[in-house]
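Structural overview for review
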Amino acid sequence: MSELRSYAASQPRLFLNDRKSIPQIGLGVWQTPPDVAGPAVETALRAGYRHIDTAAIYRNEVGVGEGIRAAGISRENLFITTKLWNEDQGYDATLRAFDESLKRLGVDYVDLYLVHWPAPQRGLYVDTWKAFIRLHEQRLARSIGVSNFEAEHLNKIISATGVTPVLNQVELHPRFQQRKLRDVHEKLGIATQSWSPLGQGTLLSHPTINSIAEKHRRTPAQIIIRWHIDNGLVVIPKSVTPSRIVENLDVFGFGLDEADLAAIGKLNANDGRIGPNPLTANF
Ligand code: NAD
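Not measured: the values here are computed from a predicted model.

Analysis parameters
Counting restarts for each chain, with residues numbered from 1 along the sequence as it is written. pLDDT decides what is reported in this predicted model: residues at 70 or higher carry local features, side-chain atom pairs at 80 or more are listed and counted, and totals for whole chains, interfaces and linings draw on all residues regardless. Side-chain metrics in this entry use all non-hydrogen atoms of the structure; hydrogen atoms and water are not considered. Runs of E in the DSSP output that reach at least two residues are strands. Runs of H or I that reach at least four are helices, and both are numbered from the N terminus. When checking whether two residues touch, look at their non-hydrogen atoms; a contact exists if any pair is within 4.5 Å. Any residue with at least one heavy atom within 4 Å of a molecule or strand is counted as near it. Polar contact criterion, stated in full: a pair of N or O atoms within 3.5 Å, where within protein one must be able to donate a hydrogen and the other to accept it, and residues adjacent in sequence count only if both atoms are side-chain atoms. Values of accessible area rely on a 1.4 Å probe in the Shrake-Rupley scheme; residue burial ignores everything except the protein chains shown. Charged residues are taken to be Asp, Glu, Lys and Arg, nonpolar residues to be Ala, Val, Leu, Ile, Met, Phe, Trp, Tyr, Cys and Pro, and polar residues to be all remaining types, Gly included. Basic side-chain nitrogens of Lys or Arg form a salt bridge, by our definition, when they fall within 4 Å of a carboxyl oxygen of Asp or Glu. Exposed residues in this analysis have more than 50% of their type's maximum accessible area, buried residues have under 20%, and partly exposed residues fall in between, with area computed by a 1.4 Å probe over protein chains only. What makes two strands pair is DSSP finding at least two bridges between them. Axis angles are defined between N-to-C directions and span 0 to 180 degrees, where every axis is a line fitted to C-alpha atoms and, for a helix, only to the segment in contact.

**Some words on the environment of Leu 135**
Mapping Leu 135 onto the fold places it in helix H5 (residues 125–137). Along the chain, Leu 135 and Leu 95 lie 40 residues apart, while their C-alpha atoms are 7.6 Å from each other. Discounting residues that sit within four places of it in the chain, Leu 135 has contacts with Thr 94, Leu 95, Phe 98, Tyr 113, Leu 140 and Ala 141.

The structure is reproduced here in structure tokens:
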């Protein structure tokens, strides 16, 4: 137990452009029904995680809230993210949807609220961002950011409002490393958060990852998660299996060397994207 508690204390945090900080590893809960999300969140928090990533569209905010309460960690030590679904974009609709997320989670603020997709065909993401700014001013969303935004979407909300998102959560894993977008983020002072960091599990059997794992006597998941950490990314691997939840946080007792980082760097591929392209995604 003392070892597990020490994970909570020793996890790195990244500073955001609003002077808040975020634990660099969080638990992702996509595709997790509420009755499974609750125990997974409780297990994660007891194992030392302090950061949970959910979304209204995951339809498990109620379960996430139950897991948080069951773990009994004080609210100020937790970092809870949720996201606004596309159908709720627009100024007033955003404020209503945010309120519903708070109620389902059973909390009175979130640490990070994200616009889930730009959904450019709706033409509402700038108005949506204005509502986010209001929620931030009211301290109901302690930090505000976006997800799946490309450079043009980032530039548009920043020039319209003067407010830069703290973070952009995008698909990012060894086969889809998003180098161009990461450069844009660096110039704008936006943190990069990796979704599907393990390539939805598909990268765990990759021979390069496996040989690095064998060399360090670690699991493939631990190698990939450590690669995200070493690249200064915020990483939110998903698992509902208690042993894997613990394993995915236990990534600080070893280090990747330059050869490992270079070998993983070479896995980037033109066809590496798994999920939708934000420029054309129409939902
Ligand atoms: P992931 O890359 O985290 O992979 C998850 C899968 O890998 C699991 O289903 C499990 O089968 C496997 N796995 C995890 N740990 C393992 C281990 N130690 N050993 C063996 N197998 C293991 O996939 P993901 O769920 O798509 O992404 C993570 C999180 O990112 C999501 O849960 C969600 O919170 C977020 N996300 C956000 C968006 C977005 O649009 N913003 C999109 C997708 C995902």
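That shown, we press on.
**Thoughts on the site of the ligand**
Around the ligand, a shell composed of 26 residues is seen, among which Asp 53, Ser 147, Gln 169, Ser 196 and Leu 198 lie nearest. Backbone polar atom of Gln 200 to an oxygen atom of the ligand: 3.0 Å apart, as the coordinates give it. Glu 247 places a side-chain nitrogen or oxygen 2.9 Å from a nitrogen atom of the ligand. For the ligand, the protein covers 88% of the area, taking 830 Å² as the surface of the free molecule. Sorting elements by how many residues they give to the shell around the ligand places helix H10 (residues 242–249) first, with three residues. Residues belonging to the shell around the ligand are distributed by class as follows: eleven nonpolar, ten polar and five charged.

**Examining the pattern of salt bridges**
Under the criterion given, the structure shown has ten salt bridges. Across the pair Asp 53 and Lys 83 runs a salt bridge whose closest N-O atoms are separated by 2.7 Å. Separated by 30 residues along the polypeptide, Asp 53 in strand E4 (residues 51–53) and Lys 83 in strand E5 (residues 79–84) bring together distant segments of the chain. Assessed through its relative accessible area of 2%, Asp 53 is described here as buried. On the basis of relative accessibility, which here comes to 0%, the residue Lys 83 falls in the buried class. Salt-bridge contacts for Asp 250 lead to Arg 218; the nearest nitrogen and oxygen are separated by 3.6 Å. Taken as a pair, Asp 250 in the loop between H10 and helix H11 (258–265) and Arg 218 in the loop between helix H8 (207–216) and helix H9 (220–230) lie far apart in primary sequence, 32 residues in all. Each of Lys 215, Asp 257 and Asp 260 takes part in a single network of salt bridges with overlapping partners.

**Digging into the sheet that holds strand E9 (residues 191–195)**
Within the open sheet, the eight strands sit side by side as E3-E4-E5-E6-E7-E8-E9-E10. Their pairing is parallel. Looking at the sheet topology across the chains shown, the edges are occupied by strand E3 (27–28) and strand E10 (234–235). Across two bridges, the pairing between E9 and E10 is parallel. Looking at E10, one finds that Gln 193 is bridged to Val 234. Sitting on the sheet, helix H4 (residues 91–105) is in contact with E5, strand E6 (110–115) and strand E7 (141–147), with an inclination near 135° to E6. Relative to the sheet, H5 contacts E5, E6 and E7, its axis offset from that of E7 by approximately 160°.

None of this, on its own, says anything about what the molecule does.
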